[in-house]
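Chain by chain, the residues run as shown.
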Amino acid sequence: MRPEPGQVLHFSEDPTITRFEPHVAVTAQQPEAYVWAVDHDRAPDYWFPRQCPRAIAFVTEDSTEDDRDMIIGPGCGDRVHAVEYAWLDAMRTVELYAYRLPAERFRPFTADDPHAQVATEPVLPLGPAERVGDLFACHQAAGIGLRVLPNLWPFWAAVTESTLGWSGIRLRNAAPAPRG
């Protein structure tokens, strides 16, 4: 499930949205109201239940082979997503939907974060919500490794100290970091 040219995607567990209104998210670090969407390359970051914590690592032009081999590992292509065991049942059972939105209504959130797209005016979807389907199959078809861990924090520490690109989503919902 990725956007086609001229589109961005918004993922939701609500298949009934007919109009996206800019709002300030509860977790927002900025005061502006936005409608959020993602581009083709980062759509896989949202192939998860909405509240599921996940750590994402991907190869960039600045990544070293050592970091790629150590963190992403063999057989995972250029990217790996990590979740905790506690979220596997939700990943199997969630009904996740994607809304296709007109890309011309959006702009990159920041220059150094061009995959996150925002609109400051209401946006109408290009059609009805589309069911994303089997999230494991989405990862497999895209060649993205999906790692299941008892706890995300050790992996997160390694990723953020590496030369890889990374993203952490809903990490506040992860299990507490192990002691020691």
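1. A look at the overall build of the protein chain
Here comes step 1: Check the secondary structure of the protein chain and you find 4 helices and 10 strands.
Here comes step 2: Taken from N to C terminus, the helices and strands of the protein chain fall in the order β-β-β-α-β-α-β-β-β-β-α-β-α-β.
Here comes step 3: The C-alpha radius of gyration of the protein chain comes to 16 Å, within 12% of the 16 Å expected for a compact globule of 180 residues.
Here comes step 4: Each of the 180 residues in the protein chain was classed as buried or not, and the buried ones make up 44%.
Here comes step 5: Excluding contacts between residues fewer than 6 apart, the proportion of contacts in the protein chain whose partners are at least 24 apart in sequence is 78%.
Here comes step 6: Only carbon and sulfur atoms are counted for the fraction: they give 52% of the accessible area of the protein chain, which is about 9600 Å².
Here comes step 7: Positive and negative side-chain charges of the protein chain, numbering 16 and 25 respectively, have mean locations separated by a distance of 6 Å.

2. Let's talk about helix H1 (residues 65–72)
Here comes step 1: The complete set of buried residues in H1 reads Asp67, Ile71 and Ile72. Projected down its long axis, H1 shows its buried positions confined to an angular sector of 85°, all on one face. Along H1, the residues that are exposed and aim more than 90 degrees away from the buried face are Glu65, Asp66 and Met70.
Here comes step 2: Contacts from the buried residues of H1 go to strand E3 (54–58), strand E4 (79–84), strand E9 (145–149) and helix H4 (153–160).
Here comes step 3: Of the residues flanking the end of H1, it is Gly73, one or two places downstream, whose phi is positive at about 85°.

3. Brief notes about the side chain of Arg42
Here comes step 1: Counting through the fold element by element, Arg42 comes out in the loop between strand E2 (35–38) and E3.
Here comes step 2: For Arg42, a relative accessible area of 8% translates into the label buried.
Here comes step 3: At 2.6 Å, the side chain of Arg42 forms a polar contact with the side chain of Asp45.
Here comes step 4: The contact partners of Arg42, leaving out residues within four places of it in the chain, are Phe58, Arg79, His115, Trp166 and Ser167.

4. Regarding the side chain of Asp67
Here comes step 1: You can see Asp67 is positioned in helix H1.
Here comes step 2: No salt bridge is formed by the buried Asp67; its nearest oppositely charged neighbour, Arg68, is found at 11 Å.

5. Looking at the environment of Gly77
Here comes step 1: Along the chain, the position of Gly77 falls in the loop between H1 and E4.
Here comes step 2: For the pair Gly77 and Val94, spaced 17 residues apart in the sequence, the C-alpha separation amounts to 26 Å.
Here comes step 3: The contact partners of Gly77, leaving out residues within four places of it in the chain, are Arg68, Ile72 and Gly143.

6. Side note on the pattern of salt bridges
Here comes step 1: Applying the stated criterion across every chain, the model contains 7 salt bridges.
Here comes step 2: For Arg19, the salt bridge is made with Glu21, and the minimal N-O distance between the two is 2.3 Å.
Here comes step 3: The class of Arg19 is partly exposed, set by a relative accessible area of 43%.
Here comes step 4: Taking relative accessible area as the criterion, Glu21 reaches 40% and is therefore assigned partly exposed.
Here comes step 5: Note that Asp78 and Arg68 form a salt bridge whose closest N and O atoms lie 3.4 Å from each other. Of this pair, Asp78 sits in the loop between H1 and E4 while Arg68 sits in helix H1; the two residues are 10 residues apart in sequence, bridging distant segments of the chain.
Here comes step 6: Judged by relative accessible area, which is 49%, Asp78 ranks as partly exposed.
Here comes step 7: Put simply, Arg42, Asp45 and Arg79 are held in one network by salt bridges that share partners.

Rules and cut-offs
Residues numbered from 1 in each chain as written. Predicted model: local features only at pLDDT ≥ 70, side-chain atom pairs only at ≥ 80, totals over all residues. Heavy atoms only, no water. Helix = DSSP H or I, 4+ residues; strand = E, 2+ residues; numbered from the N terminus. Rg over C-alpha atoms; globule rule 2.2 N^0.38 Å. Buried < 20%, exposed > 50% of the residue type's maximum accessible area, 1.4 Å probe, protein only. Contact = heavy atoms within 4.5 Å. Areas by Shrake-Rupley, 256 points an atom, 1.4 Å probe, with all protein chains shown as cover. Lys, Arg positive; Asp, Glu negative; His and termini not counted. Charge placed at Lys NZ, Arg CZ, Asp CG, Glu CD. Arc of directions from axis to C-beta. Polar contact = N/O pair within 3.5 Å; in protein donor to acceptor, adjacent residues only side chain to side chain. Salt bridge = Lys/Arg side-chain N within 4 Å of Asp/Glu carboxyl O.

Just distances and angles here, no functional claims.
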